[in-house]
Amino acid sequence: MKFIEHLIDELLLQSGISAPWAEYIRLVILVGLLIIISGVAFLITKKLVISFIHKIVEKTPFKWDDLLANQQVFNNLAHVVPALIIKMLVPSIFADFTQMIPVIITLTNCYLIIVGLTIIIAFLRVTEHGLSTHEAFKDKPLNSYFQVVRIILYIITFILVLSIILDKSPIYFLSAFGAMTAILLLVFKDTILGLVASVQMSANDMVRVGDWVEMPKFNADGDVIAINLNIVKIQNWDKTITTIPTYYFITDSFKNWRGMTQSGGRRIKRSIYIDSNSIKFVDPNMRESFKKYQLINEFVVNRHQEIETYNNQNNIDTSVLINGRRMTNFGVFRHYIESYLRNHTEIKQDMTIMVRQLATENKGIPLEIYCFTNSTAWLKYETTQSDIFDHLYAAAAFFELAIFQEPSGNDFSRVIKG
């Protein structure tokens with residue numbers, strides 16, 4: 001470097017430039033050369049060395065090195081080379097302008113710290129991506145934790161840059177931050193609450209990515225597609241996106257359907273309303289008709305024998321239907337539905353199957369069907385449920401039962417015409 005400086009000085013002096021001006025012109029020329037050298041070094045590092053590393057990475061069987069390349073880790077390393085060159089050559093170039101050396105060195109150090117931050121952040125992204133694809137972490141809110149780490153790194157970088165620029169110890173700024181705790185808590189309130197909520201959600205396994213959740217307060221009903229430090233994104237069934245602050249998942253109630261999915265069965269709980277006027281005792285003719293129904297043939301025979309035995313033992317006059325014990329078309333229909341469900345291939349047989357009569361309402365007598373389909377998929381579930389009730393609505397007439405329905409205009413028209 002000294003040889004180049006002397007050579008430039010001689011050329012300038014020989015051209016008739018005075019010594020004081022020659023120093024400034026030499027400085028400009030050397031700074032220009034420094035910029036050119038740094039730029040060339042950056043291009044060589046990025047185009048040749050980094051490109052060579054990328055080619056090697058593509059040929060290796062490992063996946064993590066591909067992630068390093070995709071996240072620009074190697075490209076960020078290329079920024080270190082020109083900064084180191086500047087740091088090494090500045091003392092020589094500015095030997096006659098020593099007051100400029102600390103400023104340039106300080107700026108170079110700040111630049112190196114920022115470049116170091118970008119490299120660490122890129123490594124974190126690679127780590128986050130790698131963990132998120134692992135089966136054990138697939139449904140964990142990793143993004144929240146890595147966001148916290150990034151925020152901490154930004155704060156540390158900010159403190160280090162300030163300490164270099166102001167020539168103060170980092171401890172000095174940490175003590176100042178201690179005095180600003182109240183302000184920091186106010187500024188980062190949502191972040192702190194989100195962090196606490198994320199930890200609690202993860203520890204208690206409350207919500208995972210992919211869960212179907214309902215949160216009526218926010219009109220949210222759909223799948224969780226992202227859990228971040230501050231927000232949880234839910235894609236509703238109409239494909240809209242609802243964004244909810246993370247901490248509301250530990251302060252407000254919500255329904256998670258994960259248990260239903262894991263059980264393998266989805267509940268059907270729906271009632272058929274029977275017109276009370278159509279309920280009657282089973283007479284011999286009706287009983288003989290019921291015996292022809294395959295699903296309840298054995299039940300009707302056994303039940304009739306049981307009732308006949310009881311009535312005979314108690315000397316009941318069976319010539320009147322109301323006397324003694326009797327079957328009703330409503331009760332037989334209830335047993336028919338239960339038998340139908342127990343023989344249905346799309347009903348989960350190891351879970352509750354129940355057909356029960358509920359309290360009478362102004363809409364008729366509710367006959368509730370309670371069972372579980374063997375598929376939790378929405379489309380399959382709705383298809384199975386519809387098929388079951390299609391059959392039951394049609395089957396009610398075979399038991400001389402009427403499905404209750406509010407009178408419509410057509411009903412009144414038929415009465416008037418009749």
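Everything below is about the structure printed above this text.
From a predicted model like this one, the values you see are computed outputs, not experimental measurements. (Residues numbered from 1 in each chain as written. Predicted model: local features only at pLDDT ≥ 70, side-chain atom pairs only at ≥ 80, totals over all residues. Heavy atoms only, no water.)

Draft legend 1. Quick peek at the sheet that holds strand E8 (residues 365–373). Overall, antiparallel pairing links the 3 strands, which are arranged E6-E8-E7 in an open sheet. Looking at strand neighbours, the two that pair on one side only are strand E6 (266–274) and strand E7 (354–357), the edges of this open sheet. Strand-to-strand, the axes of this sheet are offset by a mean angle of 15°, without reference to chain direction. Where E7 lies against E8, 4 bridges are found, and the strand directions are antiparallel. When the bridges of E8 are listed, Met354 appears paired with Tyr370. Packing of helix H15 (residues 329–342) onto the sheet brings it into contact with E6, E7 and E8, and relative to E8 it is tilted by some 10°. In the packing of helix H16 (residues 378–395) onto the sheet, contacts are made with E6 and E8, and the angle to E6 comes to roughly 25°. (Pairing = 2+ DSSP bridges. Helix = DSSP H or I, 4+ residues; strand = E, 2+ residues; numbered from the N terminus. Axes fitted to C-alpha atoms, helices over the stretch in contact; angles between N-to-C directions. Contact = heavy atoms within 4.5 Å.)

Draft legend 2. Broad picture of the pairing of strand E4 (residues 241–245). On E4, burial follows the alternation: Thr242 and Ile244 on one face are buried, whereas Ile241, Thr243 and Pro245 on the facing-out side are not. Bridging between strand E3 (residues 231–236) and E4 involves 5 bridges; their strand directions are antiparallel. Looking at the pairing, Ile234 lines up with Thr242 of E4. Linkage of E3 to E4, two consecutive antiparallel strands, is achieved through a turn of 4 residues, within which Lys239 is found at a positive phi near 75°. (Buried < 20%, exposed > 50% of the residue type's maximum accessible area, 1.4 Å probe, protein only.)

Draft legend 3. Representation of the pattern of salt bridges within the structure. Enumeration over the complete set of coordinates arrives at 10 salt bridges. A salt bridge links Glu306 to Arg303; its shortest N-O distance comes to 3.4 Å. Residue Glu306 and its partner Arg303 are located together in helix H14 (residues 297–313), separated by 3 residues, close to a single helical turn. Here Arg325 makes a salt bridge to Glu306, at a shortest N to O gap of 3.1 Å. Remark: Glu306 occurs in helix H14 and Arg325 occurs in the loop between H14 and H15; sequence separation between them is 19 residues. (Salt bridge = Lys/Arg side-chain N within 4 Å of Asp/Glu carboxyl O.)

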